[in-house]
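Residues per chain, in single letters:
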Amino acid sequence: MADSTADAADDQRQLSAALGRVIRAMRRDAGKTLQQLADASGLSQPYLSQTETGRSMPSLMTLHRIAAALGTSGSALLALTEPPIAPVVRLEEDSYDLNTKVQVWFRGPTERHVEQHEIVVQPLSVAGRHQAHAGGEFIHVLEGRIRVVVGSEDAYVLGVGDSLYYAATLDHEWFNDTPAVARFVQFANSPAPA
């Protein structure tokens, strides 16, 4: 219990420091002084100074006021606190078989709001129908040829170097109708949790 409390306190300190750096950078990019931000947000200049140095963590409503004064949203500010470099995903890590003819590798961290996959599809095979979900998906073909069906009628044949983005709110599935292996990368994004 003590370890989890210490971890939570450390996470809080790191988030406060990162958020403070983001707010300071955005304020400076906007050409505003601390006093100008204070006037625009209705918050005190000393409080904003403590926030920018990571000594104070704003509440949700206070973050909203700061963000609005900077012309953005609280969620956008928080998104910018994520580390700019994600952990390396090694070739042999994090793979699974979608079915007997399709293998999928995760190519990035899955805790963010974008999942990256590399997919290898054996000849004359199908991934199976994917149910509609929030967000969007982007496909880029590295090898071979695939056919992507989006919605009830739209079908797209993609070759090496071709890309396709579609709203994942439509049912979608892809096929390898050829006698050769196909390989593509897929990026699936979903809205940040509220």
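Residues numbered from 1 in each chain as written. Predicted model: local features only at pLDDT ≥ 70, side-chain atom pairs only at ≥ 80, totals over all residues. Heavy atoms only, no water.

Q: Got a minute to help me understand the packing of helix α2 (residues 34-41) against helix α4 (residues 60-69) in this structure?
A: Helices that pack against each other are described as a pair by the angle of their axes relative to one another and the distance between those axes. Axis separation between α2 and α4 bottoms out at 9 Å; the angle between their running directions is 115°. Looking at the two axes, α2 sits roughly perpendicular to α4. Crossing handedness for the pair α2 and α4: right-handed. Contacts between α2 and α4 involve Leu-37, Ala-40 and Ser-41 on the former and, on the latter, Arg-65, Ile-66 and Ala-69. Broken down by class, the residue content of the contact of α2 with α4 amounts to 4 nonpolar, 1 polar and 1 charged. (Axes fitted to C-alpha atoms, helices over the stretch in contact; angles between N-to-C directions. Helix = DSSP H or I, 4+ residues; strand = E, 2+ residues; numbered from the N terminus. Parallel < 35°, antiparallel > 145°, perpendicular 65-115°, else oblique. Left-handed = near helix turned anticlockwise from the far one by under 90°. Contact = heavy atoms within 4.5 Å. Nonpolar A, V, L, I, M, F, W, Y, C, P; charged D, E, K, R; others polar.)

Q: Could you clarify how one ought to interpret the packing of aromatic side chains in this entry?
A: A ring pair, where both rings are aromatic, is described by two values, the distance of the centres and the angle of the planes. For the structure shown, the criterion picks out 2 aromatic pairs. An angle of 45° between the planes, with centres 6.0 Å apart, marks the rings of Phe-138 and Phe-187 as tilted. With Phe-138 in strand β5 (residues 136-143) and Phe-187 in strand β10 (residues 182-189), this residue pair connects regions lying 49 residues apart in the sequence. Summarising the aromatic geometry, the rings of Trp-174 and Phe-184 are spaced 4.9 Å apart at their centres and angled 80° between planes, so their arrangement reads as edge-to-face. (Phe/Tyr/Trp six-rings, centres within 6.5 Å; stacked < 30°, edge-to-face > 60°.)

The analysis is restricted to geometry; functional conclusions fall outside its scope.
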